[in-house]
Amino acid sequence: MQRILRNTVVQWIGSALSKIMGLVAILIITQSLGSEQFGKYNLVFSFLSFFTLLSSFGIQTIAIREIAINPTDAPVILGDIMVSIGLFSFLSGILCIATSHIFQYELDILIAIKIATISMCFSFLMVPQVIFNVKLQMLHTVIGNLLRDFTILAFAIYLSRTKVGFQSYVWV
């Protein structure tokens with residue numbers, strides 16, 4: 001019972017800190033880009049969000065369940081999940097880029113969609129996090145997420161000082 005309570009508190013605190021860092025990053029990006037550029041930035045990620053969903057299909061949740069049932073099969077399951085998510089991400093990326101041309105977006109938006117799609121294709125790198133979730137070691141997962149969010153915030157601060165366009169923020 002203590003382990004569940006500890007993991008719940010860790011996740012809650014991690015989620016709160018993550019949301020705070022995300023809010024600060026968005027405030028910095030909004031101030032730095034202005035309304036037109038921020039609108040383009042938002043369009044890119046709104047468009048990409050549908051394809052990101054297609055890239056994983058909730059496979060990580062299935063992996064957690066399967067590894068919890070058969071811990072000895074963990075290496076095989078993780079390998080299968082990484083290959084599956086990698087393949088789905090790659091196919092989703094191709095579909096995303098092809099679909100973006102159908103909508104006839106401006107060139108700068110098309111380029112930003114292509115840049116953002118690159119990061120989506122690496123979503124398979126999140127698969128090792130499954131092991132921590134199976135073993136109920138949420139602190140490791142939360143620390144990883146906080147490091148990711150801190151990095152995003154740091155890049156947002158850096159980019160805001162360099163006065164670059166919205167395409168540079170897409171890398172973040």
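For the structure, see preceding data.
Here's what I pulled together on the structure shown here. (Residues numbered from 1 in each chain as written. Predicted model: local features only at pLDDT ≥ 70, side-chain atom pairs only at ≥ 80, totals over all residues. Heavy atoms only, no water.)

## Section: the overall build of the chain
Here is step 1: A count of helical and extended segments in the chain gives seven helices and zero strands.
Here is step 2: Each principal axis of the C-alpha atoms in the chain carries an extent, and together these give about 50 × 35 × 20 Å.
Here is step 3: Counting across all 172 residues of the chain, residues that qualify as buried make up 31%.
Here is step 4: Relative to all contacts within the chain whose residues are 6 or more apart in sequence, the contacts with residues 24 or more apart total 77%.
Here is step 5: Summed over all atoms, the accessible surface of the chain reaches about 10,500 Å², with 71% contributed by carbon and sulfur. (Helix = DSSP H or I, 4+ residues; strand = E, 2+ residues; numbered from the N terminus. Buried < 20%, exposed > 50% of the residue type's maximum accessible area, 1.4 Å probe, protein only. Contact = heavy atoms within 4.5 Å. Areas by Shrake-Rupley, 256 points an atom, 1.4 Å probe, with all protein chains shown as cover.)

## Regarding helix α4 (residues 107–120)
Here is step 1: Taking 1.5 Å of rise per residue, the 14 residues of α4 would be expected to cover 20 Å, and the 20 Å separating its terminal C-alpha atoms lies within 8% of that figure.
Here is step 2: Those residues of α4 that sit buried are I109, L110, A112, I113, I115, A116, T117 and M120.
Here is step 3: In this structure, the buried residues of α4 make contact with α1 (2–56), α3 (74–102) and α7 (166–170). (Expected span 1.5 Å × (residues − 1).)

## Points about unusual backbone geometry
Here is step 1: Here Q104, not a glycine, exhibits a phi torsion of approximately 55°, which is positive.
Here is step 2: Mapped onto the elements, Q104 comes out in the loop between α3 and α4.
Here is step 3: On the basis of relative accessibility, which here comes to 69%, the residue Q104 falls in the exposed class.

## Describing the pattern of salt bridges
Here is step 1: This model, assessed by the stated rule, comprises five salt bridges.
Here is step 2: Put simply, E66 and R65 hold a salt bridge, and the shortest N to O gap is 2.8 Å.
Here is step 3: Since its relative accessible area comes to 26%, E66 is described here as partly exposed.
Here is step 4: On the basis of relative accessible area, R65 is assigned to the partly exposed category, the value being 46%.
Here is step 5: Several salt bridges converge on common partners, so that one network encompasses E36, K40, E106 and D108. (Salt bridge = Lys/Arg side-chain N within 4 Å of Asp/Glu carboxyl O.)

## As for a nonpolar patch on the surface
Here is step 1: A grouping of L5, V9, W12, I13, L17, I20 and V24 is seen on the molecular surface, where their side chains present a nonpolar patch of about 680 Å² in accessible area.
Here is step 2: With respect to the helices and strands, W12 occurs in helix α1. (Patch = residues over 30% accessible without salt bridge, like charges linked within 9 Å, V, L, I, M, F, W, Y side chains within 5 Å.)

## Things to note about the packing of α1 against helix α6 (residues 138–162)
Here is step 1: Look at α1 against α6: their axes get within 9 Å of each other, and the N-to-C directions meet at 10°. Here α1 is positioned roughly parallel relative to α6, judged by the angle of their axes. On the side of α1, the interface is formed by N7, V10, Q11, G14, L17, S18, M21, V24, A25, I28, I29 and S32, while α6 contributes M138, L139, V142, L146, D149, F150, L153, A156, I157, L159 and S160.
Here is step 2: The class makeup of the residues in the contact of α1 with α6 is 16 nonpolar, six polar and one charged. (Axes fitted to C-alpha atoms, helices over the stretch in contact; angles between N-to-C directions. Parallel < 35°, antiparallel > 145°, perpendicular 65-115°, else oblique. Nonpolar A, V, L, I, M, F, W, Y, C, P; charged D, E, K, R; others polar.)

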